[in-house]
Amino acid sequence: MSHRTRIKICGLTRPEDVQAAVAAGADALGFVFYDKSPRHVSAAQAKALIAQIPPFITPVGLFVNASAEAVADVLATAPISLLQFHGDESLEQCCETASRVRRPFLRAVRVRADMQSADLVEYERQYRSSSQWFAGLLLDAFVEGYGGGGKVFDWSLIPKEIAPRLVLSGGLNAQNATEAVAQVRPWAVDVSSGVESGKGIKDAARIAAFIGAVRAADTASSH
Ligand SMILES: O=C(O)c1ccccc1NCC(=O)[C@H](O)[C@H](O)COP(=O)(O)O
């Protein structure tokens, strides 16, 4: 049975970019509620952008070290379906916030050079056993500014046993996506910089090319 790698396009700030991502076949769209990011949107801006999203495409809210109250405030305005914690949040903070707002969450892991495969297996086990709201790990490169850095990390670190449940992120683009999917076989991939013409400005052709590259890997693996 062939696997369709899910695709998240992150850091959307403009209506035309939401439309381009939806038209190209994205499965999830990420909205950054971290005010130091050049891709930051307010809850009201996200609400207007999300209003354009048809059913069965997941709006993801991205937070960095936000309090549970701040997350609840955003969700009181913007209809976010899935949380993504991308800062230094503890396991307890992630679980408490997700439980309070009653939303599933992705735990972003910024992969450091000294990290071992076994660390990722244990990390996933801890989160999965701690909360019914845990939806999975998103593996990203360790960059200044927490994320959106356009940097890849060493994919060979990713344990095969958890790859089918992971979101692979960090420096992906149309040129490396086919290789990334073929090597890692993740549940999903996530991209921000690699489909932009400028910070927060998505490029429709790059989005389509990225999704085409992921689909090429899916097709190759089904033969
Ligand atoms: O996108 C940002 O600006 C950002 C800022 C702070 C924390 C996380 C951020 N993005 C999170 C994402 O999920 C990005 O898609 C992920 O870091 C990959 O980014 P890129 O390497 O640019 O594809």
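The text that follows walks through the structure, step by step, so that each part is easy to find. (Residues numbered from 1 in each chain as written. Predicted model: local features only at pLDDT ≥ 70, side-chain atom pairs only at ≥ 80, totals over all residues. Heavy atoms only, no water.)

Focus: the site of the ligand
Basically, it comes down to this: Near, as used in this document, describes a residue that has one of its heavy atoms within 4 Å of the molecule or strand being considered. Any pair of N or O atoms that falls within 3.5 Å is considered a polar contact. Within protein, one atom must be able to donate a hydrogen and the other to accept it, and sequence-neighbouring residues count only if both atoms are side-chain atoms. In these tables, accessible area is a Shrake-Rupley quantity obtained with a 1.4 Å probe, and a residue counts as shielded only by the protein chains included in the view. Here the term cavity refers to a set of points on a 1 Å grid, laid over the protein atoms alone, in which a 1.4 Å probe fits but cannot get out; the term pocket refers to an open set having protein on both sides within 12 Å along at least five of seven lines, with lining residues being those that place an atom within 4 Å of a point. A cavity or pocket is said to hold a molecule if more than half of that molecule's atoms lie within 2 Å of its grid points. A run of DSSP states H or I qualifies as a helix once it reaches four residues; a run of E qualifies as a strand once it reaches two. Both are numbered from the N-terminal end.
In the neighbourhood of the ligand, 25 residues make up the surrounding shell, with Ser37, Arg39, Asp140, Asp190 and Ser193 lying closest. Contacts to the ligand include Gly171, whose backbone N or O atom sits 2.8 Å from an oxygen atom. With the chains in place, 99% of the 520 Å² that the ligand exposes on its own is no longer accessible. Applying the majority rule of atoms within 2 Å of the grid points places the ligand in the largest pocket. Going through the elements one at a time, strand E1 (6-10) and strand E8 (188-191) are the ones with two or more residues in the shell around the ligand.

Some points on the layout of surface pockets
In this approach the atoms are scanned with a rolling probe the size of a water molecule, which exposes any empty space left behind. Condition: Grid points are joined across faces, edges and corners, and a volume is the space filled by probe spheres set on the points.
In this model, the largest pocket occupies a volume close to 370 Å³. Arg39, Gly147, Gly148, Gly149 and Ser192 are the residues nearest the centre of the largest pocket, which is lined by 34 residues in total. Among the elements of the structure, E1, strand E6 (134-141) and E8 are those that each provide at least two residues to the lining of the largest pocket. Roughly 310 Å³ of internal volume is contained in the second largest pocket.

Examining the nonpolar core
A general tendency of soluble globular proteins is for nonpolar side chains to be buried together. Inclusion rule: We define the nonpolar core as a collection of buried residues of types Ala, Val, Leu, Ile, Met, Phe, Trp, Tyr and Cys that are connected through side-chain atoms lying within 4.5 Å of one another. Each residue is assigned to one of three classes by its accessible area relative to the maximum for its type, calculated with a 1.4 Å probe on protein chains only: buried under 20%, partly exposed between the two thresholds, exposed over 50%. Note on definitions: a residue-residue contact is assigned when non-hydrogen atoms from the two residues lie within 4.5 Å.
Ranked by internal contacts, the top residues of the largest apolar core, which has 65 residues, are Ile9, Leu29, Phe31, Leu83, Phe105 and Phe210. The element contributing the most residues to this core is helix H7 (residues 204-221), with six residues. Not counting the four nearest positions on each side in its chain, Ile9 is found in contact with Ala21, Ala26, Ala28, Leu29, Gly30, Val191, Val195, Ile207 and Phe210. Counting eight residues, the second largest nonpolar core, distinct from the first, contains Ala28, Ala108, Leu138 and Ala188.

The quantities given are spatial measurements derived from coordinates; they are silent on function.
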